Structures are given as structure tokens and as C-alpha cells.
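# What the coordinates show
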Number of protein chains: 2
Amino acid sequence: MPAAYASADKRAELVTAATTLLHEQGFHRTTLADVADRASVPLGNLYYYFKTKEALAEAVIAAHEQALRERFASWDAAQRDPRARLRQLVRAPLDTSDRVIQFGCPHGSLCQELEKLGKDAPLARAGARLLAVYIDWTDSQFRALGCEKREARALAADLVASVQGTMLLANTLRSPELLAAQLRRVERWLDGAGPSTLPSPARPNRPRSRS
Amino acid sequence: MPAAYASADKRAELVTAATTLLHEQGFHRTTLADVADRASVPLGNLYYYFKTKEALAEAVIAAHEQALRERFASWDAAQRDPRARLRQLVRAPLDTSDRVIQFGCPHGSLCQELEKLGKDAPLARAGARLLAVYIDWTDSQFRALGCEKREARALAADLVASVQGTMLLANTLRSPELLAAQLRRVERWLDGAGPSTLPSPARPNRPRSRS
DNA sequence: GTCTATAAATTGATAGAC
DNA sequence: GTCTATCAATTTATAGAC
């Protein structure tokens, strides 16, 4: 039934267009006309799928959230060593280096903008879920490494904060070199991070390809 | 001559009002009417002092920049130990903890928003100067600690990224506890950071008041 | 220099034909 | 379900009196 799917497709196309534009321009600077144009949908038609601009943004965040969970699940499946999984997280910004340099982190920059709507704003709460997904997954990796509850939580915050801060700096200074160099340093820090009671966990296939 | 000073005062009041509002609401969400109201100045009068909204924002950034330089200079004067100066930097967000939790870092969140205007946008370049001031000062402290050029640069990026990332997380998750706990961890990291050739510099009056 | 009124453009959202 | 036309509100910026 092409008709039924056409509807779902247009909705998905609108979300995709909005996702890109929210990353590139931010929420407030992106107009619904921008989104409609990019999705090749007449402006008025957009309101058939999303009652308000906020509803569209919530759909974008929901899509981000699902994509994040899927990515984490694929790392969980591909790597047995939690430390190797965390390395994927640290290296991830390099896969889209150009866009990170130009527009910052698609999740972090969105959160920063949405938080200014106020702590009770639905969009702010939705954005916060994104970062929570990051931290919760990172936390569970450190737990799998043998960290106790409090330490795993703190190390997760350390790691996510470092990666987020690195992207902010690299974006602001427009420096791909800074992005790569600092992420490498975070990776090195990660190799030493872990349960403080143990000296250092075994790292069988620790890659030293660079430098 | 009260008349001459009235002019300078109103200009300064507009900048102050705009600084607060840009922090609380961001650039795009803050209207010139907001600024005029908060400064108790009629809207039309604002244009006597600032030709455009961008010009006002540039004045805000210039004020931020000057305030930053003065703060750094006061730390330079008050502390002889570069590591003690860097501790001030790490602890600084605690002085305005409530506002950091509510609105994020006044400099970092502004940069993130302005960078989306494009790398050649005057406001984006102005914002980038702010973070550059942070990094340059931090860099010079690590140099004073005896770090070589490249290492000092990298450590400065480490430190500023960690603090910025921590503020982003604490703001998004609305957690003063996370802010305090993570900044304490950055401080502990700082105590161990330094020239890699030396084991660890002397820390005469290292405070352990917390915990 | 200061202020009121308003222009000009943008934009979120709706009405209503098809 | 889809699309055009348009409203209503907002907002940057200007005109012109005082």
C-alpha cells in the first residue's frame, strides 16, 4: 500500500530534514519553511504531521535517541571488551569530523540551546534524555570493567564531559587537529581509567596504530 | 558632568542587561525589546547606542573578554603557584553554581550558539576569541609549570574541555552535585598534571578541606 | 540625546479548496 | 491527505517629534 507508506515516508523525511537543520542552524534559527523546503514538502503540509514546531523537535530528539541506542547496542555486540566499546565512543566524532568542526556535537549543542527554554520545558527535558543515554551506557561499561557504583558514575561523567568539551573547543576554534589530538588523549586517559583497586586491567588488543 | 556620563552609563547598562539575557535566553531568543526593558531604556533609544543586534552582541562579548582578562590578571597577582591559579579556574563555576546549573556556562553556551552562524560570521569569530583567552591563559600557566610548548597546549585543551564539558552536563542534567563532584575530580587530575619528565611538583599549601 | 510611533520583514500557525 | 493562500504575532529597524 504505497499510499499508507507515502505518509510514513514524508513524516520520516521531515524528521530527517529537521535533524540536519537543527544541527546546522540550531532550533531557534531553523524555520519550519526551511524544514519543509528541505524535505520538498509544502509548508502547510508539515502541520498535518506535526502540530507545532516543538512537536517536530521532539520527534527529532526521539530519532536521535533511537539512533544512539542502536549505535550503543551495535558496539555492545561487536566488542567484548568494555574498554574497546568505550574507545568507539571516544573515536565516534572522528567519523563525522567535518560536521563536528562546522556545527559542533549534534546532541550536545542541541541540549545547550534547549536547556535555555527552562528546566520544565518539555523540549529541555527531552534533550536531557539524550545526554542521559550517553552517560548511562558509559556508566554500564565502567561497571562491566569492575568499577563500583559511584566510581563508574563519576568516570562516565568524566568521559562524556571530556568528549563533549573537546567537541565544543574544536567547533569554536574550527580545528580538526585539536579534535583528533584531544580525542587521542582522552583515549589514552581511558586506557588507564578503571577500578582504582586494580592496577590496570588486561588490554589484549590495545591498538597503537597512530603516532 | 552628569549628562556625558549618563550616556556612558546607559550604554553600559544596555550591555549589562544584554549580557544577562544572552546567558539566560541565548542570542536568538533574546529580543531587543527584552534588553531595552531590562535596562529601562525605550526600545528606539537602544539604536542610538547600537546600530544592530549584532553590534550589541559584539559589545557583550567584548565585555566578557575584558572581564575574563581582568579575572585572570587578578589570579596571576594573587597566586604565585601556577597550579594554584589553575585551581581557581576549575573552582570558578562553583561561585555562580546556581546560574551555571540553570543556564550553562555564559561563555561556552554563547560560543556554541554563535558558531552556528558560520565560520566567517563576525559574531562567531568574536565568540571564539573568548575561548581562546581561556586556553591561552591556561596554556601559559602550564608553561610556567615547566611544560614544553606542545604539552602545555594539550594540557590546556584538556583542562578547558573538561570544565566546559562538566558545565554542559551539569546544566543539562540540572545537577549541582554533578558540577561540584566533577570539578573536584578535575582538580585532582590537575594536581597530577604537569611536565611528564618530572614526577610531581611540590604542592605546599594544597587544600584538602572538602570530601 | 531621548522618546513615540510605525514601517518592513519574518515566521508560526490556520483556513479552506481540492 | 495534500496544497495554496493568508492570518496574526513577533521583531529588527527607522522616521521624526521633542
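Provided above is the structure to which this section pertains.
Conventions adopted
- Residues numbered from 1 in each chain as written.
- Chains lettered and ligands numbered in written order.
- Predicted model: local features only at pLDDT ≥ 70, side-chain atom pairs only at ≥ 80, totals over all residues.
- Heavy atoms only, no water.
- Helix = DSSP H or I, 4+ residues; strand = E, 2+ residues; numbered from the N terminus.
- Buried < 20%, exposed > 50% of the residue type's maximum accessible area, 1.4 Å probe, protein only.
- Contact = heavy atoms within 4.5 Å.
- Areas by Shrake-Rupley, 256 points an atom, 1.4 Å probe, with all protein chains shown as cover.
- Salt bridge = Lys/Arg side-chain N within 4 Å of Asp/Glu carboxyl O.
- Buried area = accessible area lost by both parts, 1.4 Å probe.
- Polar contact = N/O pair within 3.5 Å; in protein donor to acceptor, adjacent residues only side chain to side chain.
- Nonpolar A, V, L, I, M, F, W, Y, C, P; charged D, E, K, R; others polar.
- Disulfide = S-S within 2.5 Å.
- Least-squares fit on C-alpha atoms with pLDDT ≥ 70 in both.
- Near = heavy atom within 4 Å.

### Some words on the overall build of chain A
The secondary structure content of chain A amounts to ten helices and zero strands. In chain A, the succession of α and β elements from N to C terminus is α-α-α-α-α-α-α-α-α-α. Going through the 211 residues of chain A one by one, you find that 51% of them count as buried. Partitioning the intrachain contacts of chain A with sequence separation of at least 6 by distance along the chain shows that 66% fall at a separation of at least 24. Approximately 10200 Å² of chain A is accessible, and the part contributed by carbon and sulfur atoms is 51%.

### Comments concerning unusual backbone geometry
Despite not being glycine, A:S40 shows a phi value in the positive range, around 55°. In this structure A:S40 comes out as exposed when scored by relative accessible area, which is 62%. One non-glycine residue, B:R174, adopts positive backbone phi at about 50°. Its place among the elements puts B:R174 in the loop between α9 (149-173) and α10 (176-192). Taking relative accessible area as the criterion, B:R174 reaches 21% and is therefore assigned partly exposed.

### Details of the pattern of salt bridges
Oppositely charged side chains may form a pair once their charged atoms are brought near each other. According to the stated counting rule, one finds 20 salt bridges over all chains in the structure shown. Close ionic contact of A:D136 with A:R153 constitutes a salt bridge, the shortest N to O distance being 3.1 Å. Of this pair, A:D136 sits in helix α8 (residues 122-144) while A:R153 is found in helix α9 (residues 149-173), placing the two residues 17 residues apart along the sequence. The closest approach of N and O atoms between B:D158 and A:R185, which form a salt bridge, is 2.7 Å.

### Some remarks on the interface of chain A and chain B
Tallying the contact residues gives 39 residues for chain A and 39 residues for chain B. The junction of chain A with chain B conceals about 3500 Å² of combined surface from both sides, 60% of it contributed by carbon and sulfur atoms. Per-residue buried area on chain A facing chain B is highest for A:Q112, A:K116 and A:T172; these three make up 21% of the total on that side. On the surface where chain A and chain B come into contact, there are four salt bridges. Here chain A is connected to chain B by 14 residue pairs in polar contact (both at pLDDT 80 or more). Mapped onto the side of chain A that touches chain B, the elements with two or more residues apiece are α1 (2-25), α6 (97-103), α7 (108-115), α8, α9 and α10 (176-192) of chain A. Considering each element in turn, the side of chain A that touches chain B owes the most residues, 15 residues, to α9(A). When grouped by side-chain class, the residues that make up the side of chain A that touches chain B number 15 nonpolar, 16 polar and eight charged.

### Things to note about the state of the cysteines
Inspection of the entire model under this criterion finds zero disulfides over all chains. For the unlinked cysteine B:C111, the closest cysteine sulfur is that of B:C105, found at 8.0 Å.

### Observations regarding the relation of the copies chain A and chain B
Expressed as a screw operation, the relation of chain A to chain B combines 0.0 Å of axial shift with a rotation of 180°, fitting to an RMSD of 0.0 Å. Taken together, the rotation angle and the small translation identify this as a two-fold axis. Within chain A, the C-alpha atom positioned nearest to the axis of rotation is that of A:G165, 2.0 Å from it. Most of the interface of chain A is mirrored in chain B: 100% of its interface residues are interface residues there too.

### A few points about the environment of A:V163
All names here are of chain A. Residue placement: V163 occurs in helix α9. Taking relative accessible area as the criterion, V163 reaches 8% and is therefore assigned buried. When the C-alpha positions of V163 and L179 are compared, they lie 9.2 Å apart, and in sequence the two are 16 residues distant. Non-local contacts of V163, meaning those with residues more than four positions away in its chain, are made with V90, P93, L183 and V186.

### Focus: the side chain of A:S175
Residue and element names in this part refer to chain A. Within the element layout of this structure, S175 appears in the loop between α9 and α10. For S175, a relative accessible area of 15% gives the class buried. Within the structure, S175 has its side chain in polar contact with the backbone nitrogen of L178 (distance 2.9 Å). If we ignore the near neighbours within four places in the chain, the residues touching S175 are I101 and A170.

### Some thoughts on the protein's contact with DNA strand D
Not every one of the 15 residues close to DNA strand D is listed here, only the nearest: A:N45, A:Y49, B:L32, B:Y47 and B:K53. Near the protein, within 4 Å, the atoms of DNA strand D are sugar or phosphate in 70% of cases. The side chain of A:N45 places a nitrogen or oxygen atom 2.9 Å from a phosphate oxygen of DNA strand D. At the level of elements, α1 and α3 (43-49) of chain A together with α3 (43-49) of chain B are the ones that each hand at least two residues to the surface near DNA strand D. The element best represented in the surface near DNA strand D is α3(A), accounting for four residues. Looking at the surface near DNA strand D residue by residue, the classes come out as six nonpolar, seven polar and two charged.

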